[in-house]
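Residue-level listing of the chains:
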Amino acid sequence: MNMPPATKADKKATVDAAAWMFNIVTSVGIIMVNKALMATYGFSFATTLTGLHFATTTLMTIVLKWMGYIQASHLPVSELLRFILFANFSIVGMNVSLMWNSVGFYQIAKLSMIPVSCFLEVVLDKMRYSRDTKLSIGLVLLGVAVCTVTDVSVNAKGFIAAFVAVWSTALQQYYVHYLQRKYSLGSFNLLGHTAPGQATSLLLFGPFVDYWLTNKRVDAYEYSLISVMLVILSCTIAVGTNLSQFICIGRFTAVSFQVIGHMKTILVLILGFLFFGKEGLNLHVILGMIIAVAGMVWYGNASSKPGGKERRIPAIPINKSQKTDGLSESTEIDGKV
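First, a word on scope: everything that follows refers to the structure included in this document. (Residues numbered from 1 in each chain as written. Predicted model: local features only at pLDDT ≥ 70, side-chain atom pairs only at ≥ 80, totals over all residues. Heavy atoms only, no water.)

**A closer look at the overall build of the chain**
Part 1 of the argument: Helix and strand counts for the chain stand at 13 helices and 2 strands.
Part 2 of the argument: Relative to its 337 residues, the chain shows a buried fraction of 49%.
Part 3 of the argument: A fraction of 89% describes how many contacts in the chain between residues 6 or more apart in sequence connect residues 24 or more apart. (Helix = DSSP H or I, 4+ residues; strand = E, 2+ residues; numbered from the N terminus. Buried < 20%, exposed > 50% of the residue type's maximum accessible area, 1.4 Å probe, protein only. Contact = heavy atoms within 4.5 Å.)

The following block contains the structure:
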């Protein structure tokens, strides 16, 4: 019996699911590798490591350009610098926030990225959310808070660090979607523009930021074969993480990326209990996981319905100089990944 040909909607759903799976697998993988690298081998230079991640990603984009998978595209320097500023403040802000705040308040700050991203979409994109979409987002926040937030204490400088981290991260993720729409850039193209600048800036200033945060010098670290291999593995996985983030935000929005992205939080908790001991695994953590997953399923259903999440104004006009076939070609490449 012949199978009916797949519809365009079916193909899109398949690619969407593959994009999410790609992001979840690479994100959870890099977190587990970095946890082993930092907790077991004492490599605490997170900012410098992120610079190495983007340097590896830059090499990947150069190879893809050479192979013809990335077409020539244009991104104004002002937009590029703004994006790099938001992205680097996000990285440094998160590291500083983790150092200056309790783990509980750090998790609350991360959860607040969803309402901040919603605010940006409502104000800048005139996005409108249905009641069910809002309630599902609230349920996800509740579930993740139940299973991750423990001790909560806050101080002035910690609050400022968290505020900068949350807003810069939300702006960076919003900007990924904004730039791809406005300039018809695919994920590969946008990475090709942004990764070199981020790699250069983070490798130049990262060691100084890490020394300020840890009072340790990256050049004085006692490297071993295993720690070097873990750094290489982390950088390799980071290529997929960076690319999949751009693919997911480009195909969806920053809010959807944040909401469904909390599945990574749940998986990291589960894998942490499996590989690093079951301390902290109790009934309220399991309950929080169940609530969060239920909220994600509800959000996916609610936001996909007519009126669940829609713009009240036409989409951002596409830059005519980029309009041609750049976006469709890049989208096809993203789908093949």
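**Considering the pattern of salt bridges**
Part 1 of the argument: Using the criterion set out here, one finds 5 salt bridges in the structure.
Part 2 of the argument: Across the salt bridge formed by Arg82 and Glu79, the nearest N and O atoms sit 2.9 Å from each other. Of this pair, Arg82 and Glu79 both sit in helix H3 (residues 77-100), 3 residues apart, roughly one helical turn. (Salt bridge = Lys/Arg side-chain N within 4 Å of Asp/Glu carboxyl O.)

**A word on the packing of helix H8 (residues 187-214) against helix H9 (residues 225-251)**
Part 1 of the argument: Their axes nearest at 9 Å, the elements H8 and H9 cross at an angle of 125 degrees. It follows that H8 is oblique to H9 by the angle criterion. In this structure, H8 crosses over H9, and the sense of that crossing is right-handed. Facing H8, whose interface residues are Ser187, Phe188, Leu190, Leu191 and Thr194, H9 presents Asn242, Leu243, Phe246 and Ile247.
Part 2 of the argument: Split into classes, the residues belonging to the contact of H8 with H9 amount to 6 nonpolar, 3 polar and no charged. (Axes fitted to C-alpha atoms, helices over the stretch in contact; angles between N-to-C directions. Parallel < 35°, antiparallel > 145°, perpendicular 65-115°, else oblique. Left-handed = near helix turned anticlockwise from the far one by under 90°. Nonpolar A, V, L, I, M, F, W, Y, C, P; charged D, E, K, R; others polar.)

**Re the packing of H3 against H8**
Part 1 of the argument: Running from N to C, H3 and H8 point in directions that differ by 30 degrees, and their axes come no closer than 10 Å. Accordingly, the angle class assigned to the pair H3 and H8 is roughly parallel. Relative to H8, H3 is oriented so that their crossing is right-handed. Between H3 and H8, the contacting residues are Leu80, Phe83, Ile84, Ala87, Asn88, Ile91, Val92, Asn95, Val96, Met99 and Trp100 on the first element and His193, Thr194, Gly197, Gln198, Ser201, Leu202, Val209, Trp212 and Leu213 on the second.
Part 2 of the argument: Partitioning the contact of H3 with H8 into residue classes produces 13 nonpolar, 7 polar and no charged.

**Some words on the packing of aromatic side chains**
Part 1 of the argument: In total, this model carries 13 aromatic pairs according to the counting rule given.
Part 2 of the argument: Ring geometry for Phe43 against Phe45: centres 5.1 Å apart, planes inclined by 85 degrees, an arrangement best described as edge-to-face. You'll find Phe43 and Phe45 in the same group, each marked buried.
Part 3 of the argument: Between the aromatic rings of Phe119 and Trp167, the centroid separation amounts to 6.0 Å while the plane-to-plane angle is 80 degrees, which identifies the pairing as edge-to-face. Taken together, the positions of Phe119 in helix H5 (residues 113-124) and Trp167 in helix H7 (residues 156-182) put the pair 48 residues apart, joining distant regions of the chain. (Phe/Tyr/Trp six-rings, centres within 6.5 Å; stacked < 30°, edge-to-face > 60°.)

**Considerations on H5**
Part 1 of the argument: Between its terminal C-alpha atoms H5 stretches 16 Å, which fits the 16 Å expected from 12 residues at 1.5 Å a residue.
Part 2 of the argument: Buried within H5 are the following residues: Met113, Ile114, Val116, Ser117, Cys118, Leu120 and Glu121.
Part 3 of the argument: Directly after H5, the chain includes Lys126, whose backbone phi takes a positive value near 55 degrees. (Expected span 1.5 Å × (residues − 1).)

**Brief notes about the nonpolar core**
Part 1 of the argument: By size, the foremost hydrophobic cluster in this structure holds 61 residues, and its most contacted members are Leu179 and Val259.
Part 2 of the argument: Not counting residues within four places of it along the chain, the set of residues in contact with Val259 comprises Ile114, Ile137, Val140, Met296 and Tyr299.
Part 3 of the argument: Leu37, Tyr221, Leu230 and Cys235 belong to the second largest nonpolar core, which has 13 residues in total. (Core = buried A, V, L, I, M, F, W, Y, C linked by side-chain atoms within 4.5 Å.)

**Digging into the side chain of Ser187**
Part 1 of the argument: Tracing the backbone through its elements, the reader meets Ser187 in helix H8.
Part 2 of the argument: Within the structure, Ser187 has its side chain in polar contact with the backbone nitrogen of Ile247 (distance 3.2 Å). (Polar contact = N/O pair within 3.5 Å; in protein donor to acceptor, adjacent residues only side chain to side chain.)

**Considerations on helix H2 (residues 46-67)**
Part 1 of the argument: Compared with the 32 Å implied by 1.5 Å per residue over 22 residues, the 32 Å span of H2 between its first and last C-alpha is a close match.
Part 2 of the argument: Positive phi appears at Gly68, one or two residues downstream of H2, with a value of about 90 degrees.

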